[in-house]
Amino acid sequence: SSGINAEYGGTGAPVLDIAIKTGASVVGVDIADGHIEMANEFLAKYRVQHPDVQAEFHAGSYFEIPDEVKALAPFTHVIMQTSIFYAHHRIDEVLDQVSSVLDPESGVLVTTDFLRKVPLSEVSEFLKMNSMSTVLSKEEMEAALKRNGLEYTGGEVLDSHCVKCNIAKREKVETIAPQQPESEKFAAKFRTREEFVRDGKISFQIVMTRKT
């Protein structure tokens, strides 16, 4: 089987671990060239102990999946980690791209996503601090999935985990570089995520879907 991991966050480790544990061939995509370089460095290290690992990494966006990645389709699984919520304002473009590379018989999309539980007017500060123009509700996300040939099949609420992670990130930033403009910006973002999730206005979830 094969899979694509979109916008995985830089190191490539998650998909490399999947490749080693399952024997699948994997493809990683990230918008930043620097992240691709880092992932290829990790791949070289992994191949010292796992010379047969099948993996490759490409720079690209989920708004337009690179042609060299599309040439490897169809994929049995697509995993999008902590990135799709930045594209809720263009969700149909993203889901159309992903749906086009999934196996039509058994393709599965798994994302981790922020979803809104209250009216949009009540999360304006969350949007501002996270550089987001909108955030969808679960119902709106399910409708978008359906429009693009995908069906919601379940998921898992990770609110407690999200709060703990953002507290840890905020405390780390405040400790390492206190009173620095960039540090204060990141600390404020992490604090906002922590507060909105804890207060039940935003939920952080694993969203599982399949090709229909």
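Scroll up a little and you will see the structure.
The structure reproduced in this document is the subject of the present report.

1. Concerning the packing of aromatic side chains
Stage number 1. Under the counting rule described, the total for this entry stands at 7 aromatic pairs.
Stage number 2. With a centroid separation of 5.1 Å and 85 degrees between ring planes, the pair formed by tyrosine 62 and phenylalanine 63 is classed as edge-to-face.
Stage number 3. On the basis of relative accessible area, tyrosine 62 is assigned to the buried category, the value being 10%.
Stage number 4. By relative accessible area, phenylalanine 63 is classed as partly exposed at 24%.
Stage number 5. Considering the side-chain rings of phenylalanine 114 and phenylalanine 204, the 5.0 Å spacing of their centres and the 55 degrees angle between planes classify their relative orientation as tilted. Of this pair, phenylalanine 114 sits in strand 5 (residues 108-116) while phenylalanine 204 sits in strand 7 (residues 202-211); the two residues are 90 residues apart in sequence, bridging distant segments of the chain.
Stage number 6. An aromatic cluster of at least three residues, connected via ring pairs, comprises Phe85, Tyr86, Phe114, Phe126, Phe196 and Phe204.
Stage number 7. The ring of phenylalanine 42 has lysine 45 lying over it, and the distance from NZ or CZ to the ring centre is 5.7 Å.
Stage number 8. Here the guanidinium or amino end of arginine 90 rests over the ring plane of phenylalanine 63, the centre of that ring lying 3.6 Å away.

2. Some remarks on the nonpolar core
Stage number 1. Ranked by size, the top nonpolar core spans 24 residues in total, and within it Val78, Met80, Ile91, Val94, Leu95, Val98 and Leu109 carry the most contacts.
Stage number 2. Counting only elements with at least two residues in this core, the list comes to strand 2 (25-30), strand 4 (77-80), helix 4 (91-101), strand 5 and helix 6 (138-147).
Stage number 3. With 5 residues, the top contributor of residues to this core is helix 4.
Stage number 4. Counting 16 residues, the second largest nonpolar core, distinct from the first, contains Phe114, Leu127, Met132 and Val163.

3. Focus: unusual backbone geometry
Stage number 1. With an omega of 10 degrees, the peptide bond running from alanine 73 to proline 74 counts as cis.
Stage number 2. In this fold, proline 74 is placed in the loop between helix 3 (67-70) and strand 4.
Stage number 3. For serine 131, which is not a glycine, the phi torsion comes out positive at approximately 55 degrees.
Stage number 4. Counting through the fold element by element, serine 131 comes out in the loop between helix 5 (124-129) and helix 6.

4. Details of the pattern of salt bridges
Stage number 1. Applying the stated criterion across every chain, the model contains 9 salt bridges.
Stage number 2. Residue arginine 147 is joined to aspartate 92 by a salt bridge in which the shortest nitrogen-to-oxygen separation is 3.0 Å. Here arginine 147, found in helix 6, pairs with aspartate 92, found in helix 4; they are 55 residues apart in sequence, far enough to count as distant.
Stage number 3. Arginine 147 gets classed as exposed once you look at its relative accessible area, which sits at 53%.
Stage number 4. Across the pair glutamate 194 and arginine 198 runs a salt bridge, and its minimum N-O distance is 3.1 Å.

About the cut-offs
Residues numbered from 1 in each chain as written. Predicted model: local features only at pLDDT ≥ 70, side-chain atom pairs only at ≥ 80, totals over all residues. Heavy atoms only, no water. Phe/Tyr/Trp six-rings, centres within 6.5 Å; stacked < 30°, edge-to-face > 60°. Buried < 20%, exposed > 50% of the residue type's maximum accessible area, 1.4 Å probe, protein only. Helix = DSSP H or I, 4+ residues; strand = E, 2+ residues; numbered from the N terminus. Lys NZ or Arg CZ within 6 Å of the ring centre and 35° of its normal. Core = buried A, V, L, I, M, F, W, Y, C linked by side-chain atoms within 4.5 Å. Salt bridge = Lys/Arg side-chain N within 4 Å of Asp/Glu carboxyl O.

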